[in-house]
Every structure is written in structure tokens, then in C-alpha cells.
Amino acid sequence: MLHSKKQGFTLVEVLIVISIIALLAGITITAIGPARKKGRDAQRVSDLANIRIALALYKSANVTYPNITISGSPTLAINNTGVSSYQAGWDKLKTDLAPYISLPTDPLDSGTGAPWSTGTNNYHYAYIATSSPYDLVARFEDTNNPNRCQLKDWKIHRYSDTPWCQAWGGTGSNYLYADH
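A. Molecular detail of helix α2 (residues 84–97). Given a rise of 1.5 Å per residue, 14 residues ought to cover 20 Å, and the 20 Å separating the end C-alpha atoms of α2 matches this to within 8%. Taken residue by residue, α2 has G89, W90, L93, D96 and L97 as its buried positions. Buried positions in α2, seen along its axis, are confined to an arc of 120° and lie on one side of it. Every exposed residue of α2 that faces more than 90 degrees away from the buried side is listed here: S84 and T95.

See below:
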């Protein structure tokens, strides 16, 4: 009598392999998350540095930084806020800087508030002609970033140099980055 030899794996062997693959995938995904946040934060710093260079070129050609006014009133330029005047300010900044840069947006470009609002990731620009520096701000995702406001004490130039992370009665974000 001939015995036929079975080919393949048993159900237990297949389940063990699937379990090991799932475990390794979980570990990998967990490890990649912080690296992705750091990568997006590095992109934010780079974007703001490029905007700063474009602002310097604009000032060189126009003697002043772009002053964002909508219907004769100074306003902020914040992308993707849900506030029409802030978006109009961002659109005006985009037009003003068009000869020098294609204005970038935050890698997540999420939320409908300002960058100092919880859960919001976008860029902010403000310049008031009576003050010499401008404000250019983004929010870090990595709460341990060594350049965050909590450690650097970034100032809001349009409000008597109040630190960003202490603004609005202490409700400003500790995780802001300012490039100015």
C-alpha cells in the first residue's frame, strides 16, 4: 500500500505565521508614526524659512513687508481657517509673493482655526505697518520638538512681544514655531 504525502501547511502553522506578521506590522507602524510627525515638522520649518526668504525679496523690491488689508482693515493671513477675511488675507499674501515663491501650505493643512488652536495645522502671517517685524507661525506635531515655543519663548510682534505660548490668557500653544 502506498502512502501519499500531504503537501502544504497545517492550519496551526498558517495562523502562527499570520500572527507573527501582524505583530511585526503593528510594531513597524507604531515606530513610523513619530518619524512621520518629525518629517512633517521639518517640512514646516523649511516652508517657513522659504516664505521668510520670499518676504525678504518682497521687502527688498517694495521697501516694506506685505501689509495684509482687506476692505481697508488690517487682517491676518491664515490658510484654511474657515474665517473668510483670514483666507482672503492668505490669498492676498499668495498674490504678493507670487514672483518669489509658490506659497506652500502646512503638510496636514487641517482644522479651521488658527495654528495656535488645538487640532489645527496651517500657516499664519501677520504684519502691521507700525511694527517692524512680522509674525510667521506654524504648529508642531511633535510635542518634544526642541524649537517649540515652550522652550524658545517665541514672541508675537503685533501684540507687544507677548510670548506665543502665553498669549490669550495662557491659552496659546506650547507647540508653535515662529520664524521671524
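B. Representation of the pattern of salt bridges. Within the structure shown, the criterion is met by five salt bridges. Here R40 ties to E141 by a salt bridge, and the two come within 2.6 Å at their closest N and O atoms. Residue R40 is found in helix α1 (residues 11–62), and its partner E141 is found in the loop between β5 (135–139) and α3 (149–152); the two are separated by 101 residues along the sequence. A salt bridge links R44 to D41; its shortest N-O distance comes to 2.7 Å. Of this pair, R44 and D41 both sit in helix α1, three residues apart, which is roughly one turn of that helix.

About the cut-offs
Residues numbered from 1 in each chain as written. Predicted model: local features only at pLDDT ≥ 70, side-chain atom pairs only at ≥ 80, totals over all residues. Heavy atoms only, no water. Helix = DSSP H or I, 4+ residues; strand = E, 2+ residues; numbered from the N terminus. Expected span 1.5 Å × (residues − 1). Buried < 20%, exposed > 50% of the residue type's maximum accessible area, 1.4 Å probe, protein only. Arc of directions from axis to C-beta. Salt bridge = Lys/Arg side-chain N within 4 Å of Asp/Glu carboxyl O.

These figures capture arrangement, not role.
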